[in-house]
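The chain contents come next:
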Amino acid sequence: MAELLTERMVLTTLAALAVLGMFVLLCRARRVNTSVEDATLAALHRVTSAAPYLREGLNQESADKTGPHLRELLACVAVGIVDADGTLLTWDGEANHHYADLRTKIEQVLRTGKRDFLDHGDVVCEQRPCPMRHAAVVPLLVEGQVRGVLTVIAGGDRKRLLRAAAEVAHHVSTQLELAELQESKERLALAEVRALRAQISPHFIYNALNTISSLIRTDPEHARDLLQEFADFTRYSFRNSGLYTTLADEIRNIDRYLTLESARFGPDRLNVQLKIAPEVLPVVVPFLALQPLVENAVRHGLANKPGGGTVSVTAEDNGSEALISVDDDGIGMDPELLDAELANAHLTGAHVGLGNINNRMRATFGNDYGLIVETEKGAGMKVIMRVPKFAPGVRPEPLPQVEEPGVGLAAGPAAGR
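Keep in mind the model is a prediction, meaning the values are calculated, not measured.

Examining the sheet that holds strand 2 (residues 88–93)
Strand order in the open sheet made by the five strands is 2-1-5-4-3, with antiparallel pairing throughout. Only two strands of the sheet have a single partner each, and these edge strands are strand 2 and strand 3 (116–119). With direction set aside, neighbouring strand axes in the sheet form an average angle of 15 degrees. Judged from the six bridges that link them, strand 1 (residues 78–83) and strand 5 (residues 145–154) form a sheet pairing that is antiparallel.

Dropping the structure here:
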């Protein structure tokens, strides 16, 4: 019996030791895995921390903010960033006394676009000990063009340094490419706004001033009011800043335009209806997104219709979107002809406003937010615009503060007029 108990105790002890051994191994594996995970997360954090600064483009401010993140990511002695002109934008870390030794290498990389390397043994150094062992000089390439140079100073393995520096330089180059893409997108958007300004009919400006001048003697008070509307319209339409504005500001400018056109055509030939839900007034839209649509309705839809007609502008709440429409009961046109003209608008100049706004809406909010046009010959035209209430990066720029006596849109336009 005693021998049986002893044997059981031995087996129990061995089993316990085996379980304990497995537990220790699992704990060690878990510690290793945890350390790898922590290192990965730390690296990801440094990469994402540097990205916003790089997307501002390559300048001294962005380089100063990026340098420390890149040095921590590479775990190196120092990081230097040089622009395409050879100007040192930032140097984060030690061994800056070797920058003069790197100048020739940097200039060569800027010329050739090929990376280079410098070993500490190849230079004269009086500092003992010197933290630099190797230096890698890597080009920052955007679409095959050298936009700058990344210099990495390290005290470790040469092979690892070259590989790590190349990977980080590729990441920096990608962010710089995104920055240039964003800048190009903004330049294109500004060019499209300028094109829309150019589409504001010179005839409208001439006719508006002619209408005002004809009223100066017969109805000077009305002429004064129209002159104020014209001044406010041109001030808004030709402002120099801002790609986006609020729906309230766009509607206010449409109201000015239609007031001037009504004075020219007369209330019997141009009837106007504005139906705007107050809750959508703060929605952000591309600048000058609506006025060309209204001008198109007046000039092409109603001006050539005997007896004139009605232009209706409606904006209503549609859940996560604002639903906006510009509708006229004018002469309309064949929808197939309109499609053909819109496809070639950049060549022929026909309906440039419609094509321009359609492109801007899709570029700003996505391809699902292009204009919807309903028309038929002799049945007028309706243009529908869907605008999301929120879109990343789409923010209005405040208008210059100008006293506007007599402007009554604080609570939105009237339901009709």
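Picking up where we left off.
Some remarks on unusual backbone geometry
Each neighbour pair has its own omega, and for Arg128 with Pro129 the value is -5 degrees, a cis peptide bond. Following the sequence through the fold, Pro129 ends up in the loop between strand 3 and strand 4 (134–142). Unusually for a residue other than glycine, Ala95 sits at a positive phi of about 60 degrees. Here Ala95 is to be found in the loop between strand 2 and helix 3 (99–112). At Leu288, a residue that is not glycine, the phi angle is positive and equals roughly 60 degrees. Its place among the elements puts Leu288 in the loop between strand 8 (284–286) and helix 8 (291–302). The buried category is assigned to Leu288, whose relative accessible area is 1%.

Digging into the pattern of salt bridges
Across all of its chains, the model carries 11 salt bridges by this definition. When the shortest N-O distance is used, the salt bridge between Arg252 and Asp249 registers 2.9 Å. Here Arg252 and its partner Asp249 are both found in helix 7 (residues 247–265), three residues apart, which amounts to about one turn of the helix. Assigned by exposure class, Arg252 and Asp249 land together as buried. Of the charged contacts in the structure, one is a salt bridge between Arg264 and Glu261, with a shortest N-O distance of 3.2 Å. Of this pair, Arg264 and Glu261 are both found in helix 7, three residues apart, which corresponds to roughly one turn of the helix.

Considering the confidence of the model for the chain
Note: predicted coordinates in regions of low pLDDT should not be interpreted at a detailed level. Put simply, the chain has an average pLDDT of 77, and 73% of its residues get 70 or more. Contacts from residues 402–417, a stretch scored under 50 in pLDDT, to residues over four places away or in other chains number 27 contacts.

Considerations on the sheet that holds strand 10 (residues 321–328)
Read from one edge of the open sheet, five strands run 7-9-10-12-11, paired in mixed fashion. Unpaired on one side and paired on the other, strand 7 (270–276) and strand 11 (372–375) mark the two borders of the sheet. Strand-to-strand twist of the sheet, defined as the mean angle between neighbouring strand axes without regard to direction, takes the value 10 degrees. Taken together, the four bridges between strand 11 and strand 12 (residues 381–388) define a ladder with antiparallel strand orientation. The residue of strand 12 that forms the bridge with Val373 is Val383. Seen against the sheet, helix 7 touches strand 7, strand 9 (309–318) and strand 10 and runs at an angle of roughly 165 degrees to strand 7.

Topic: the packing of helix 7 against helix 8
The N-to-C vectors of helix 7 and helix 8 enclose an angle of 20 degrees; their axes lie 9 Å apart at closest approach. The orientation of helix 7 relative to helix 8 falls into the category roughly parallel. For the element pair helix 7 and helix 8, the recorded crossing hand is right-handed. Contacts between helix 7 and helix 8 involve Glu250, Asn253, Ile254, Tyr257, Leu258, Glu261 and Phe265 from the first element and Gln291, Val294, Glu295 and Val298 from the second. Tallied by class, residues from the contact of helix 7 with helix 8 come to six nonpolar, two polar and three charged.

Looking at the side chain of His120
Secondary-structure assignment places His120 in the loop between strand 3 and strand 4. Not counting the four nearest positions on each side in its chain, His120 is found in contact with His98, Cys125, Cys130, Met132 and Arg133.

A look at empty space enclosed by the protein
Here the structure, examined in full by the defined rule, presents one cavity of 30 Å³ or more. In this model, the largest cavity occupies a volume close to 40 Å³. Taken together, Leu293, Asn296, Ala297, Val326, Asp328, Leu354, Met381 and Val383 make up the lining of the largest cavity. Sorting the residues of the lining of the largest cavity by element identifies helix 8, strand 10 and strand 12 as the ones contributing at least two each. Top contributing element to the lining of the largest cavity by residue count: helix 8, with three residues.

Reading the values: rules and limits
Residues numbered from 1 in each chain as written. Predicted model: local features only at pLDDT ≥ 70, side-chain atom pairs only at ≥ 80, totals over all residues. Heavy atoms only, no water. Pairing = 2+ DSSP bridges. Helix = DSSP H or I, 4+ residues; strand = E, 2+ residues; numbered from the N terminus. Axes fitted to C-alpha atoms, helices over the stretch in contact; angles between N-to-C directions. Buried < 20%, exposed > 50% of the residue type's maximum accessible area, 1.4 Å probe, protein only. Salt bridge = Lys/Arg side-chain N within 4 Å of Asp/Glu carboxyl O. pLDDT = per-residue confidence, 0-100. Contact = heavy atoms within 4.5 Å. Parallel < 35°, antiparallel > 145°, perpendicular 65-115°, else oblique. Left-handed = near helix turned anticlockwise from the far one by under 90°. Nonpolar A, V, L, I, M, F, W, Y, C, P; charged D, E, K, R; others polar. 1 Å grid on protein atoms, 1.4 Å probe; cavity = no way out; pocket = protein on both sides within 12 Å on 5 of 7 lines; lining within 4 Å. Points joined across faces, edges and corners; volume = space filled by probe spheres on them.

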